[in-house]
Amino acid sequence: MTSEQTDRDIIRVRLRFLDLLKSFFCAEPDAEKMGRWRGTFAALAHQQINPPMDSAVRRLNALLSGRSLEDLYNEYYILFIDPYSEHPLATTLSYYIDGHSYGPSLARLRGFLQQAGLTMDKKFSESEDSLVVMLDALATLVTEEKNDYENARRLQAGLLAGYLEPFIDKFTTALEKNQKTEFYAACGLFLSAYLELEKGLTEGMEATVF
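Now for a description of the structure that goes with this document. (Residues numbered from 1 in each chain as written. Predicted model: local features only at pLDDT ≥ 70, side-chain atom pairs only at ≥ 80, totals over all residues. Heavy atoms only, no water.)

**Quick notes on the packing of helix H7 (residues 131-143) against helix H9 (residues 182-201)**
Line of reasoning, step 1. Packing of H7 against H9 brings their axes to within 13 Å, and their N-to-C directions diverge by 30°. In terms of their interaxial angle, H7 and H9 are classed as roughly parallel. Our pair here, H7 against H9, has a crossing hand that is left-handed. Side by side, H7 and H9 meet where Leu131, Leu135, Leu138 and Val142 of the first sit next to Leu191, Leu195 and Glu198 of the second. (Axes fitted to C-alpha atoms, helices over the stretch in contact; angles between N-to-C directions. Helix = DSSP H or I, 4+ residues; strand = E, 2+ residues; numbered from the N terminus. Parallel < 35°, antiparallel > 145°, perpendicular 65-115°, else oblique. Left-handed = near helix turned anticlockwise from the far one by under 90°. Contact = heavy atoms within 4.5 Å.)

Encoded structure:
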């Protein structure tokens, strides 16, 4: 296998993981998603990546085996839909960094995305600093490695260090505090563990942060 083929394979794997992560948070779970999640984590449970990833995979695999679709939907509803929930969960960077949505962090991220030449997919109704949009931006930058590897990696490093890392730290803490949403707390741990792998790929690169 050539180095070029290996690089393409790695990109495909990374994009699959990012797509999986987006699927947790972009909309409520349904039968198709649950079947996909169960198959994916049953397969991943036989792999060894690193202790944080392996632990998160085992936890999600066990939860998916023992929970019904209704259970997962109820968790999602409590966190992201119910306007009267005692445990609503924000999914935007500015909420955690600035203390309110549509804060300066959103403006800064919009500047970064503009300078990086990234536009938000119209299928997203959330603001640019929402988790799913930031993950989608990262996926786009992964794809861009095929055109300009060095620049794409520097931009990935900037997106991770400047925006995703500060968000994930506070987001996963908020998830873990809610004892009624164990599945999504495990999703948060998996998200955090995977983004550490992404961070490792850009280690030593000078981050581009506009």
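**So, the environment of tryptophan 37**
Line of reasoning, step 1. Assignment of secondary structure puts tryptophan 37 in helix H2 (residues 31-44).
Line of reasoning, step 2. Considering only alpha carbons, one finds tryptophan 37 and proline 104, 67 residues apart in sequence, at a separation of 35 Å.
Line of reasoning, step 3. For tryptophan 37, the contacting residues outside a window of four places in its chain are Leu20, Ser23, Phe24, Pro29, Leu64, Leu72, Phe183 and Tyr184.
Line of reasoning, step 4. Only 3.0 Å separates the side chain of tryptophan 37 from the side chain of serine 23, close enough to count as a polar contact. (Polar contact = N/O pair within 3.5 Å; in protein donor to acceptor, adjacent residues only side chain to side chain.)

**Examining the packing of aromatic side chains**
Line of reasoning, step 1. Considering all chains together, one arrives at 22 aromatic pairs under this definition.
Line of reasoning, step 2. Both rings, one in phenylalanine 24 and one in phenylalanine 25, keep their centres 6.2 Å apart while their planes meet at 80°; by these two values the pair is edge-to-face.
Line of reasoning, step 3. Here phenylalanine 24 falls in the buried class, since its relative accessible area comes to 0%.
Line of reasoning, step 4. Taking relative accessible area as the criterion, phenylalanine 25 reaches 7% and is therefore assigned buried. (Phe/Tyr/Trp six-rings, centres within 6.5 Å; stacked < 30°, edge-to-face > 60°. Buried < 20%, exposed > 50% of the residue type's maximum accessible area, 1.4 Å probe, protein only.)

**Section: unusual backbone geometry**
Line of reasoning, step 1. Look at tyrosine 102: it is not a glycine, yet its phi comes out positive at around 60°.
Line of reasoning, step 2. Mapped onto the elements, tyrosine 102 comes out in the loop between helix H5 (93-98) and helix H6 (104-115).

**What about the environment of glutamate 126?**
Line of reasoning, step 1. Of note, glutamate 126 is situated in the loop between H6 and H7.
Line of reasoning, step 2. On the basis of relative accessibility, which here comes to 25%, the residue glutamate 126 falls in the partly exposed class.
Line of reasoning, step 3. Taking the C-alpha atoms as reference points, glutamate 126 and histidine 87, separated by 39 residues in sequence, lie 20 Å from one another.
Line of reasoning, step 4. Those residues in contact with glutamate 126, other than ones at most four positions away along the chain, are Cys26, Met120, Val132 and Val133.

**Re the side chain of threonine 202**
Line of reasoning, step 1. Inspection of the secondary structure puts threonine 202 in the segment after H9.
Line of reasoning, step 2. For threonine 202, a relative accessible area of 6% gives the class buried.
Line of reasoning, step 3. Within the local environment of threonine 202, its side chain forms a polar contact with the backbone oxygen of lysine 199, the two atoms lying 3.0 Å apart.
Line of reasoning, step 4. Apart from the residues within four sequence positions on either side, threonine 202 is in contact with Arg153, Gln156, Ala157 and Leu160.

**Remarks on the nonpolar core**
Line of reasoning, step 1. Ranked by size, the top nonpolar core spans 59 residues in total, and within it Phe24, Phe183 and Phe190 carry the most contacts.
Line of reasoning, step 2. If sequence neighbours within four positions are ignored, phenylalanine 24 has contacts with Trp37, Phe41, Tyr76, Phe183, Tyr184, Cys187 and Phe190. (Core = buried A, V, L, I, M, F, W, Y, C linked by side-chain atoms within 4.5 Å.)

**Topic: the packing of H2 against helix H3 (residues 51-66)**
When two helices pack together, their arrangement is given by the angle between their axes and by how far apart the axes lie.
Line of reasoning, step 1. The interhelical angle for the contact between H2 and H3, taken along N-to-C directions, is 135°, at an axis separation of 9 Å. For the element pair H2 / H3, the angle class is oblique. Read as a crossing pair, H2 and H3 show a hand that is left-handed. Counted together, Met34, Trp37, Arg38, Phe41, Ala42 and Leu44 of H2 and Val57, Leu60, Asn61 and Leu64 of H3 form the full contact between these two elements.

**Focus: H7**
Note: α-helices contain 3.6 residues per turn, so residues at a spacing of three or four share the same orientation.
Line of reasoning, step 1. Helix length check: H7, at 13 residues, gives a terminal C-alpha distance of 19 Å against a target of 18 Å (1.5 Å per residue), a fit within 8%.
Line of reasoning, step 2. For H7, the tally of buried residues reaches eleven of 13 residues, placing the bulk of the element in the interior.
Line of reasoning, step 3. Restricting attention to buried positions, one finds in H7 the residues Leu131, Val132, Val133, Met134, Leu135, Asp136, Ala137, Leu138, Ala139, Leu141 and Val142. (Expected span 1.5 Å × (residues − 1).)

**Some words on the pattern of salt bridges**
Line of reasoning, step 1. For the coordinates displayed, the defined rule picks out ten salt bridges.
Line of reasoning, step 2. Between glutamate 145 and arginine 14 there is a salt bridge whose closest N-O contact spans 2.7 Å. Here glutamate 145 is found in the loop between H7 and helix H8 (149-177), whereas its partner arginine 14 is found in helix H1 (residues 3-25), with 131 residues between them in sequence. We note that glutamate 145, like arginine 14, is buried.
Line of reasoning, step 3. A salt bridge links arginine 14 to glutamate 198, with the shortest nitrogen-to-oxygen separation between them at 2.8 Å. A residue pair is termed long-range when its members are at least 10 positions apart, and arginine 14 in helix H1 and glutamate 198 in helix H9 qualify at 184 residues.
Line of reasoning, step 4. Salt bridges linked by common partners bring Arg14, Glu145, Arg153 and Glu198 together as one network. (Salt bridge = Lys/Arg side-chain N within 4 Å of Asp/Glu carboxyl O.)

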